[in-house]
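Here is how the chains run, residue by residue.
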Amino acid sequence: ALEPFSVGLAIGVASALTGYLSHPRFYCRYVECCPGAEHRLNATALKAQLDTKLFGQHLAKDVVLRAVMGFQSNPSPKKPLTFSLHGWAGTGKNFLSQILAEHIHPAGLRSKFVHLFLATLHFPHHSQLHIYQEQLKNWIRGNVSACPQSVFIFDEMDKMHLGLIDAIKPFLDYYEEVDGVSYRKAIFIFLSNAGGDLINKAAFDFWTSGKQREDIQLKDLEPILSVGVYNNKNSGLWHSSLIDRNLIDYFVPFLPLEHKHVKMCVRAEMVARGYAVDEKVVQAVANEMTFFPKEQRIYSDKGCKTVQAKLDIHEDV
């Protein structure tokens, strides 16, 4: 028979070991945990990554960085932080969203606390609009209940069925709780090509007037962008209550990329592949891109979207 002392010692050791293994500091090394209230985003690291990987978007970088840092430093925000990113394909909307997600949850898009919705994949049939609305509300409610700092990214907003996104309006509003759940620490990001033409025109007007691209400020674009998206049936936000109630905190314009920005993308891709940067290859890839307007050829019509594919052709070099 075991001595009482031995049994007590064994139980004590087992209890201590169980407590250690279940302690958040140990447990969260191996299993992803929702960040606690003490977690703070590293602004220096985020800025450095945006500076080295996102090109030609001084407005987007500045607005998003300042907004996120202000939001995270507020212990009691009044509503979730909501961005609507606009611009043509290849200008960096998805890229910025991924970088931001990785700095909030290190696993990024693989994190169980980061949720990406694609309009054409997750909501393909207009006839099921009401079903999608309920599914979306339930999904967001469940995930914010599990982690208040959840991040929700809605891509292809310009392909979203009209009225669908309004289903989540209560979650973005100034409510302390909705059915016992607080959404105030969540972040919502909408990505859309809608409004790209308005942004491109404004950028071209600056260019023709001899002004520097970097002189474009948010106040020059945000008002026309919010109105343009609200009145655009192909924006996903047509006559949306999210705009009516001013629940989108920032309409963030992504400017069309110039020739020099495309070359920056090529160099960054070469470095990412472990290549030495060859300026002849950089120039060759840039020359294969198409630019607009037809006469001036200032802006890439696909941004940097096809850089990877075009660089593949030059891999032997």
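Residues numbered from 1 in each chain as written. Predicted model: local features only at pLDDT ≥ 70, side-chain atom pairs only at ≥ 80, totals over all residues. Heavy atoms only, no water.

**A word on the domain arrangement of the protein chain**
Accessible area lost upon the coming together of the parts is a frequently used measure of interface size. Put simply, the rule is: Domain delimitation in this document rests on an assignment produced automatically or drawn from a domain database. Note on contacts: a residue pair is in contact if any heavy atoms of the two residues lie within 4.5 Å. Here's the idea: put two parts together, see how much 1.4 Å probe accessible area each one loses, and the total over both is what we call buried area. Salt bridges, as used here, are contacts in which a Lys or Arg side-chain nitrogen is within 4 Å of a carboxyl oxygen on Asp or Glu. Within 3.5 Å is the distance limit for a polar contact, defined as a pair of N or O atoms, with the added protein rule that one can donate a hydrogen and the other accept it, and that residues adjacent in sequence qualify only through two side-chain atoms.
The domain architecture assigned to the protein chain consists of domain 1 (43–254) and domain 2 (259–314). Measuring from the centre of the C-alpha atoms in domain 1 to the corresponding centre in domain 2 gives 27 Å. Between domain 1 and domain 2, the residue contacts involve 10 residues of the former and 14 residues of the latter. Contact between domain 1 and domain 2 buries roughly 1000 Å² in total, counting both sides, with carbon and sulfur atoms accounting for 73%. Considering only the side of domain 1, the residues that lose the most area to domain 2 are Phe55, Gly90 and Phe204, jointly responsible for 43% of the buried surface there. At the junction of domain 1 and domain 2, the tally comes to 0 salt bridges. Between the two partners, domain 1 and domain 2, sit 2 residue pairs in polar contact (both at pLDDT 80 or more).

**Overview of the pattern of salt bridges**
Any two side chains of opposite charge can pair if their charged atoms end up close together. The cut-off we apply is this: Think of it this way: any DSSP run of H or I at least four residues long counts as a helix, any run of E at least two long counts as a strand, and we number them from the N terminus. Note on classification: 1.4 Å probe, protein chains only; a residue is buried when its accessible area is under 20% of the maximum for its type, exposed when over 50%, partly exposed between these limits.
A complete count under the given rule lists 14 salt bridges for this structure. Here Asp51 ties to Lys61 by a salt bridge, and the two come within 3.4 Å at their closest N and O atoms. Placement of Asp51 in helix H3 (residues 43–53) and of Lys61 in helix H4 (residues 58–73) is noted, with a sequence separation of 10 residues between them. A residue is classified by how much of its surface remains accessible, and Asp51, at 37% relative accessible area, is partly exposed. The partner of Asp62 in a salt bridge is Arg66, and the shortest N-O contact between them spans 2.8 Å. Here the residue Asp62 and the residue Arg66 both occupy positions in helix H4, the gap between them amounting to 4 residues, near one helical turn. Asp62 gets classed as partly exposed once you look at its relative accessible area, which sits at 38%. Within this structure, Lys47, Asp51 and Lys61 form a network of salt bridges that share partners.

**Concerning the layout of surface pockets**
Remark: the empty space left among the atoms is shown by a probe the size of a water molecule rolled over them. This is how it is decided: Put simply, the grid is 1 Å and covers the protein atoms alone, a cavity is a trapped set of points that fit a 1.4 Å probe, a pocket is an open set with protein on both sides within 12 Å along at least five of seven lines, and lining residues have an atom within 4 Å of a point. Grid points are joined across faces, edges and corners, and a volume is the space filled by probe spheres set on the points. We call Asp, Glu, Lys and Arg charged. Ala, Val, Leu, Ile, Met, Phe, Trp, Tyr, Cys and Pro are nonpolar, and the rest, Gly among them, are polar.
Looking at the largest pocket, its volume works out to about 800 Å³. Forming the walls of the largest pocket are 29 residues, and the residues nearest its centre are Gly90, Gly92, Phe95, Cys304 and Lys305. Listed by contribution, the elements that provide at least two residues to the lining of the largest pocket are H3, helix H5 (93–104), strand E4 (187–192), helix H12 (259–272) and helix H14 (307–313). Grouping the constituent residues of the lining of the largest pocket by class yields 12 nonpolar, 9 polar and 8 charged.

**Thoughts on empty space enclosed by the protein**
Tallied over the full model, the rule gives 1 cavity of 30 Å³ or more. Its volume calculated, the largest cavity comes out at about 40 Å³. Lining the largest cavity are Pro80, Pro170, Phe171, Asp173, Tyr175, Glu177, Val178, Val181, Tyr183 and Arg184. Among the residues making up the lining of the largest cavity, the classes are represented as 7 nonpolar, no polar and 3 charged.

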